[in-house]
Amino acid sequence: MLAFEAVRVTTDDGAELLHGVDAAVCPGTVTVLAGPSGAGKSTLLRLGNRLEVPSHGVVRFHGRDVADLDPLELRRRVGMVFQKPVVFAGTVRENLHVADAHADDLSLGRVLERVGLGVALLDRQADDLSGGEAQRMCIARALLTRPEVLLMDEPTSSLDPANRRAVEALARELAAEGLGICWVSHDLDQVRRLTDRVVVLVEGRVADAHEAARYLGAGDARGADDAGTARDARGGDDAGAAGDAGGRAGERPA
Ligand SMILES: Nc1ncnc2c1ncn2[C@@H]1O[C@H](COP(=O)(O)OP(=O)(O)O)[C@@H](O)[C@H]1O
Ligand SMILES: [Mg+2]
């Protein structure tokens with residue numbers, strides 16, 4: 001659905017942050033972008049909704065070069081949630097209206113409930129929200145444009161463990177409803193909990209299977225294919241979903 005094809009990013013002073021990265025985000029799947037700090041994870045994510053433009057290569061959404069799409073329309077369909085919640089002055093209602101100015105309280109209440117917040121929060125000053133509430137409000141705001149893909153850049157790194165788990169569970173639910181999620185994390189336990197597919201970036205490149213396995217920790221149940229993409233071998237309820245995701249992982253958008 002969203003595909004990065006041999007993307008390179010070179011800064012004005014000639015530093016190459018990404019050296020030809022291939023990756024894809026598929027519907028109904030949580031793809032985790034893992035790797036050490038400075039590896040280029042945020043840079044790659046930002047290419048996904050054109051906050052950043054590749055110097056070489058192409059980013060495709062449903063097969064079309066995102067450079068040919070209206071950026072605002074693209075950003076409605078490919079939403080972004082940042083590490084630090086982006087909160088505007090005013091009430092929660094006003095913050096949500098940034099995404100959909102015409103949404104009534106009923107639909108705003110519905111999306112707040114979707115992210116585990118109550119409709120009573122609509123009149124609260126957004127500045128007064130806790131970190132976890134603010135991040136959920138940001139996810140609610142992103143959901144209001146009915147995105148097909150959600151790009152999440154370390155969305156739980158400033159949250160306490162309970163909120164972290166709640167946001168992880170929400171991401172899994174959204175994926176189960178068909179959203180394609182790309183979640184950046186360098187928390188290996190979180191990678192294990194979340195992922196259908198993991199792409200490991202190291203120094204601006206997709207790590208090969210060996211390097212990815214070493215980064216993710218040897219000795220777990222995870223297998224890695226030769227594209228550097230490891231697939232979760234979770235058991236139980238999720239096994240079917242993970243298997244499906246593995247099947248789709250090899251597909252390329254038309
Ligand atoms: N606009 C920029 N100009 C120069 N260097 C940058 C720019 N943005 C990021 N970098 C550098 O590129 C590398 C990758 O950054 P980033 O994508 O933020 O990595 P990650 O999210 O994996 O920590 C880092 O070394 C960072 O300092
Ligand atoms: Mg980053």
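Residues numbered from 1 in each chain as written. Chains lettered and ligands numbered in written order. Predicted model: local features only at pLDDT ≥ 70, side-chain atom pairs only at ≥ 80, totals over all residues.

Another aspect to go through is the overall build of the protein. A count of helical and extended segments in the protein gives 9 helices and 12 strands. Taking all 254 residues of the protein together, the buried fraction comes to 42%. Once local pairs closer than 6 in sequence are excluded, the contacts in the protein between residues at least 24 apart make up 67%. (Helix = DSSP H or I, 4+ residues; strand = E, 2+ residues; numbered from the N terminus. Buried ≥ 20, exposed ≤ 12 C-beta atoms within 10 Å, placed from the backbone. Contact = placed C-beta atoms within 7 Å.)

Among all residues except glycine, the phi angle is most often negative; among peptide bonds, the trans geometry is most common. Look at histidine 62: it is not a glycine, yet its phi comes out positive at around 50°. A positive phi angle, near 50°, is found at glutamate 203, a position not held by glycine. Along the polypeptide, glutamate 203 turns up in the loop between strand 9 (197-202) and strand 10 (205-206).

Turning next to the pairing of strand 4 (residues 56-61). Pairing of strand 1 (residues 2-10) with strand 4, which is carried by 5 bridges, proceeds in the antiparallel orientation. Within strand 4, the residue paired with leucine 2 across the bridge is phenylalanine 61. Note: strand 4 against strand 5 (residues 64-65), 2 bridges, orientation antiparallel. In the strand pairing of strand 5, phenylalanine 61 is matched with arginine 64. Hairpin geometry of strand 4 and strand 5 is characterised by an intervening segment of 2 residues between the two adjacent antiparallel strands and by a positive phi of about 50° at histidine 62. (Pairing = 2+ DSSP bridges.)

Moving on, we get to the sheet that holds strand 5. The 4 strands lie next to each other as 2-1-4-5, forming an open sheet whose pairing is antiparallel. Two strands lie at the open edges of the sheet, namely strand 2 (16-25) and strand 5, each paired on one side alone.

Overall, the prediction assigns the protein a mean pLDDT of 87, with 85% of residues at 70 or greater. Note that pLDDT drops below 50 for residues 218-254; the model gives that stretch 58 contacts with residues more than four away or on any other chain. (pLDDT = per-residue confidence, 0-100.)

One finds Ala140, Ile181 and Val200 to be the most contacted residues of the largest nonpolar core, which totals 71 residues. For this core, the element with the most residues is helix 5 (residues 131-143), which contributes 7 residues. (Core = buried A, V, L, I, M, F, W, Y, C linked by C-beta atoms within 7 Å.)

On to the site of ligand 1. All residues in the neighbourhood of ligand 1 are listed as Thr11, Ala15, Leu17, Gly35, Ser37, Gly38, Ala39, Gly40, Lys41, Ser42 and Thr43. Per-element tally for the shell around ligand 1: the top contributor is helix 1 (residues 41-47), with 3 residues. Looking at the shell around ligand 1, its residues break down into 3 nonpolar, 7 polar and 1 charged. (Near = placed C-beta within 6 Å. Nonpolar A, V, L, I, M, F, W, Y, C, P; charged D, E, K, R; others polar.)

Turning our attention to helix 8 (residues 209-216). Helical geometry note: an α-helix holds 3.6 residues per turn, so side chains three or four residues apart project in the same direction. Every buried residue of helix 8 is listed here: Ala212, Tyr215 and Leu216. Buried residues of helix 8, viewed axially, fall in a sector of 90°; they line one side. Once helix 8 finishes, glycine 217 follows within two positions and takes phi at roughly 100°, a positive value. (Arc of directions from axis to C-beta.)

Before going further, it helps to spend a moment on the environment of alanine 175. Considering the arrangement of structural elements, one finds alanine 175 in helix 6 (residues 161-176). Of the residues examined, alanine 175 has 23 C-beta atoms within 10 Å and is grouped as buried. Among all residues touching alanine 175, those that are not within four sequence positions of it are Gly28, Thr29, Val30 and Ile181.

Okay, helix 5 next. Given a rise of 1.5 Å per residue, 13 residues ought to cover 18 Å, and the 18 Å separating the end C-alpha atoms of helix 5 matches this to within 8%. Taken across its 13 residues, helix 5 has 12 buried, putting it largely inside the fold. All of the buried residues along helix 5 are Gly132, Glu133, Ala134, Gln135, Arg136, Met137, Cys138, Ile139, Ala140, Arg141, Ala142 and Leu143. The inward-facing, buried residues of helix 5 contact strand 6 (78-81), helix 3 (92-97), helix 4 (105-114), strand 7 (149-153) and helix 6. (Expected span 1.5 Å × (residues − 1).)

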